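The chain contents come next:
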Amino acid sequence: MQQKHAAADYQAAAGNHAAGLNTTPRTLSRQERRTGFGEVEFTLTLAQAVQEANRCLYCYDAPCIQGCPARIQIPEFIARIRSRNLTGAAEVIYRDNPLGAICGRVCPVEALCQKGCTSCRISKPIAIGSLQRFVCDLALQEGRIAYQDEATTRGKVAVVGSGPAGLSCAHYLRQLGFNVDLFEREELAGGLLRWGIPIYRLPEEVAKREIDIITNRVALHRKYLLAAQAEDFIKQYDAIFLGVGLSSPVLLRTSGADLPGVYAASSFLRTLREGKSGDFAFRGKEIAVVGGGATALDAARSAIRLEAAKVTVLYRRTIEEMPAFSSEVEAAFQEGVDFLWLTSPVEITQVDGRLKLTLEGICLGEPDESGRASVIPTGVRTNFLADVVLVAIASQAEPASVEGWKDHPKVFRGGDLTGGATVVQAVADGKEAALRIISWLEKGGSR
Ligand SMILES: Cc1cc2nc3c(=O)[nH]c(=O)nc-3n(C[C@H](O)[C@H](O)[C@H](O)COP(=O)(O)OP(=O)(O)OC[C@H]3O[C@@H](n4cnc5c(N)ncnc54)[C@H](O)[C@@H]3O)c2cc1C
Ligand code: SF4
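Residues numbered from 1 in each chain as written. Chains lettered and ligands numbered in written order. Predicted model: local features only at pLDDT ≥ 70, side-chain atom pairs only at ≥ 80, totals over all residues. Heavy atoms only, no water.

**Topic: the nonpolar core**
Membership of the largest hydrophobic core comes to 75 residues, with the highest contact counts inside it found for Ile 74, Phe 77, Ile 81, Val 159, Leu 173 and Leu 193. The greatest single-element share of this core, amounting to nine residues, is contributed by helix α17 (residues 423-442). When residues are assigned to domains, this core turns out to be shared by domain 1 (6-141) and domain 2 (156-247 + 397-442), each giving three or more. Other than its neighbours up to four places away in sequence, Val 159 contacts Gly 166, Cys 169, Ala 170, Leu 173, Val 180, Asp 181, Leu 182, Phe 183 and Phe 241. If you look at the next biggest cluster of nonpolar residues, it comprises 28 residues, including Ala 296, Ala 308, Val 337 and Leu 390. (Core = buried A, V, L, I, M, F, W, Y, C linked by side-chain atoms within 4.5 Å. Buried < 20%, exposed > 50% of the residue type's maximum accessible area, 1.4 Å probe, protein only. Helix = DSSP H or I, 4+ residues; strand = E, 2+ residues; numbered from the N terminus. Domains from an automatic or database assignment. Contact = heavy atoms within 4.5 Å.)

Rendered as structure tokens:
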């Protein structure tokens, strides 16, 4: 990173942000959210950031660091904000997470770094995500992120998939002196940062800036790499990192799941990210969303922004078991999304141009192998009418991308493919894999 005097940082930030003394970032009103895809939360002002940094207790055991999968040295970057050394604060963040501005927006901080914050016992946790976002936005805006990469003398690694796991692995390998070939089947790099998370939480220009800083330093190839090519790759490269995510949506197995008007929520979100919201005439319509994870909640909140009359999330367990982040559930409530718990569709039919869902009641039993309460159908059935059904029950790995790589010692994996479910976990996996690859090669390539 380029060095710059703290006073200059301070002036730049002060020039860009009007002073304000409430440390809660400004957010769009419910009405604004119902009519457009503008970013919901605003970046803190400098005055807000410094005021928030001043609340940090600098605990000796820093539970916040333990809660961050990327292990960002949080008290260190907060101390630098406090002394108005904003470039120094950005340096601390980018050292451990090359997607700092992205994670500052999308990390479920309530379950990660902010969860164990000691300030919770006094008032509320330090707004770590918002502080991170403030610092990284400023560094990006001023073009101050420039990594010093070592000369490429240490070998050649193939990274398959350019989601946060692949990007992070490619970034650290390149920084530490490797030639990296990054393979991505889509036109643009970024994985779900590009095709999943909606722009009201992650604007395209923010995603693009941090992704480009990585892809500009490695060889990016647009190629759908089939596992059938594994043998060739194993011969050609010193190591291979697979960060192909879980790109296949699991479809409903009920009859009527293929009727017109029933869509995979992931395809809906992707079409929106492609800028084609006009493909969906949702205004005044009633939308049912089946599922309880991030995809279901983002599909529901996106449908609200397309001016649907009513959006209902149907979930087979209760709010307690929903895999979605609690901040997303809360935002969905605020935006007017309805929820129906303990219910599951067993049939979809067409009635007078609409879709009739037959729902079966559920009661919860003992925990199943996933550790969550098992689902027991009650046999009690009700009907639910909707104009569109968005299905977001799960996603899985694509066999063509993963089978065939099996357990060859040159092959490393990470991200959603190995059970991750957050961007920062994928970043942490990519970094860890890069370090494991290096240590494995240094030991002569035996694991
Ligand atoms: C709608 C939605 C919202 C989410 N919201 C959040 C959030 O707010 N916060 C959060 O932390 N997490 C969120 N997540 C989860 C987060 O996006 C994922 O955990 C993260 O993106 C996983 O990263 P990854 O690199 O493992 O996989 P992905 O991001 O899925 O990237 C995999 C990449 O591999 C490519 N690929 C696949 N197969 C091949 C192949 N054979 N050849 C070449 N390329 C291939 C794909 O095209 C893709 O670009 C959300 C997920 C979804 C679906
Ligand atoms: S990367 Fe995410 S979890 Fe880690 S400190 Fe930043 S906001 Fe918190």
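Now that the structure has been shown, the text picks up again.
**A short note on the site of ligand 1**
In the vicinity of ligand 1, 35 residues are found, and the nearest of them are Val 106, Glu 184, Arg 201, Leu 225 and Asp 416. One nitrogen or oxygen atom from the side chain of Asp 416 is found 2.7 Å from an oxygen atom belonging to ligand 1. In isolation ligand 1 offers 1000 Å² of accessible surface; the protein chains occlude 95% of this area. Among the secondary structure elements, those contributing two or more residues to the shell around ligand 1 are α9 (164-175), β2 (179-184), α14 (294-305) and α17. Among the elements that take part in the shell around ligand 1, α14 stands out by supplying three residues, more than any other. For the shell around ligand 1, the residue count by class is 17 nonpolar, 11 polar and seven charged. Residues from two domains meet in the shell around ligand 1; each of domain 2 (156-247 + 397-442) and domain 3 (248-395) gives at least three. (Near = heavy atom within 4 Å. Polar contact = N/O pair within 3.5 Å; in protein donor to acceptor, adjacent residues only side chain to side chain. Areas by Shrake-Rupley, 256 points an atom, 1.4 Å probe, with all protein chains shown as cover. Nonpolar A, V, L, I, M, F, W, Y, C, P; charged D, E, K, R; others polar.)

**Considerations on the pairing of strand β7 (residues 286-290)**
Regular strands place their side chains on alternate faces of the sheet. Taken across its five residues, β7 has four buried, putting it largely inside the fold. With five bridges joining them, β7 and strand β8 (residues 310-314) adopt parallel strand pairing. Note that in β8 the partner of Val 290 across the bridge is Leu 314. Summarising the sheet, β7 and strand β13 (residues 388-391) pair through four bridges and their orientation is parallel. By the bridge assignment, Val 290 is partnered in β13 with Val 391. (Pairing = 2+ DSSP bridges.)

**Digging into helix α13 (residues 265-273)**
Those residues of α13 not exposed but buried are Ala 265, Phe 268, Leu 269, Thr 271, Leu 272 and Arg 273. Structurally, α13 contributes buried residues whose contacts are with α10 (192-195), α11 (204-215), β6 (262-264), α14 and β13.

**Structural notes on the environment of Asp 181**
With respect to the helices and strands, the residue Asp 181 is situated in strand β2. Relative accessible area serves as the criterion here: at 10%, Asp 181 is assigned to the buried category. Each C-alpha atom of the pair Asp 181 and Thr 422 lies 24 Å from the other, and the pair is 241 residues apart in sequence. Discounting chain neighbours no more than four positions away, the residues touching Asp 181 are Lys 156, Val 157, Ala 158, Val 159, Ala 219, His 221 and Tyr 237. In this structure the side chain of Asp 181 is engaged in a polar contact, spanning 2.5 Å, whose partner is the side chain of Tyr 237.

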